[in-house]
Each structure stands twice: as C-alpha cells, then as structure tokens.
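# Residue-level structure breakdown
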Amino acid sequence: MRLSSGVPATLPENVRERLEAHYRRRGFRRTPQRETIVAAAFSSEEHFTADELWERARSIDPRTSRATVYRTISFLLDADLIREIDLSQGQAVYDPNFVEKPNHNHLVCVDCGRMIEFEDSHLEVFHECLTRRLGFLPSRQNLRIEACCETLRTTGRCAHLIEARIKGKRLPGRRR
Ligand SMILES: [Zn+2]
Ligand SMILES: [Zn+2]
C-alpha cells in the first residue's frame, strides 16, 4: 500500500469538485473523520475492501471507526466517486479510478489474483456500435476479462501468487 508519506494534502481537482457538490446536494456535514476516510480512499489507485480502507484510514487517524468507514463508502458510491467492482472474490471491492478513467476495464488473473486496468479506444468504439445496433444509447461501459496466469503456466511459479498467499488474500478462483 502506498501511504508511506501520509495523505496528499489535496484531493484530485475533479474528485474535490464532485465531492463538494455532493455534500451540498445531500446536506451532509463534513466531519474530520469523513474527510480522513475520503483522503485515504483516494491516496492510492489501488482497489480496496472496506476493511482495507479502514486500515488505511486508521494509519492516518487511529480513532477512525469502522461504522464511519461503511457510511463513507455508501456516500462515495452515491456520489459516483467510487464504484463497486466484481472481482469474483466473494467480497465487495471498491475502485477509486473511475473519476479519472470512466471507461477503464479490468483483467483479472484467476490463478494469482493479479488485476490489471486498461483502456482501449477501439473497445469503446466497438461497445458504442454494439449498443446502438441493439437499439440503446450507451451510458457507461467496462469490461472484465478473466484470464489464466501465463507466468504460472510456463514456469510453475508466480511471484504475485506467492505474495497473495503470504498476505492471505482471497483469490478469484476458476469457475470451471
Ligand atoms: Zn479499476
Ligand atoms: Zn500469476
């Protein structure tokens, strides 16, 4: 987790703007604890579970409560500042990168759990054409590809898998 030098003093400009508009719209009070959690959520491009966010927030302010983390996650989802993504890990994972990259896609390795984000303009054109051909107007799009780890298949070992096991991460697992 990249949080060694603390939280950036300022949030990315477009995140800040959308956040403030949402505070006004919902009539929510800004509390230091909520601000801490928001800063923690956007301190890195990494996806997070609720507990991971709680851990990050507590490294900034140890008094952060778990309940406030859950409430802030709902608030950020409602503001469309983060999105819940399906990584087939059986637990909710949140992605803070859709503000900067609204149409990004995910490739998930079912063997080692590695997740790669990618954007592709050809894919966007393709999705657009496909959606219109079916008689709809596209609004948002993202693709998730499940794949097998090439490194693991060819060499029998994968540093990412070892790391995931050490950290006790849940792996997506094959569906076959
Ligand atoms: Zn993402
Ligand atoms: Zn791998």
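Up top is the structure these notes are about.
Residues numbered from 1 in each chain as written. Chains lettered and ligands numbered in written order. Predicted model: local features only at pLDDT ≥ 70, side-chain atom pairs only at ≥ 80, totals over all residues. Heavy atoms only, no water.

### Side note on helix α4 (residues 66-78)
- The end-to-end C-alpha distance of α4 is 19 Å, a good match for the 18 Å that 13 residues give at a rise of 1.5 Å each.
- Among the residues making up α4, those that are buried are Thr68, Val69, Thr72, Ile73, Phe75 and Leu76. Angularly, the buried residues of α4 cover 165° about the axis, an arc narrow enough to put them on a single face.
- Considering only its buried residues, α4 is in contact with α1 (13-26), α2 (32-41), α3 (50-60) and β2 (93-95).
- In the stretch just after α4, aspartate 80 is the one whose phi turns positive, near 55°. (Helix = DSSP H or I, 4+ residues; strand = E, 2+ residues; numbered from the N terminus. Expected span 1.5 Å × (residues − 1). Buried < 20%, exposed > 50% of the residue type's maximum accessible area, 1.4 Å probe, protein only. Arc of directions from axis to C-beta. Contact = heavy atoms within 4.5 Å.)

### Points about the coordination of the zinc ion (ligand 1)
- Surrounding the zinc ion (ligand 1) are the protein donor atoms Asp95 (OD), His104 (NE2), His106 (NE2) and Glu117 (OE), which sit 1.8 to 2.0 Å from the metal.
- Each donor residue of the zinc ion (ligand 1) belongs to the same chain, with the gaps between them written as D-x8-H-x1-H-x10-E.
- Overall, histidine 104 belongs to the buried group, its relative accessible area being 0%.
- Judged by relative accessible area, histidine 106 falls into the buried class, the value being 4%. (Donors = N, O, S within 2.8 Å, 3.2 Å for Na, K, Ca; no water.)

### Focus: the coordination of the zinc ion (ligand 2)
- Bound to the zinc ion (ligand 2) on the protein side are Cys112 (SG), Cys149 (SG) and Cys158 (SG), at distances that span 2.0 to 2.5 Å.
- Sequence spacing of the donor residues for the zinc ion (ligand 2), all on one chain, is C-x36-C-x8-C. Remark: cysteine 149 occurs in the loop between β5 (144-147) and α6 (150-155) and cysteine 112 occurs in the loop between β3 (105-109) and β4 (115-118); sequence separation between them is 37 residues. Side by side, cysteine 112 and cysteine 149 carry an identical accessibility label, which is buried.

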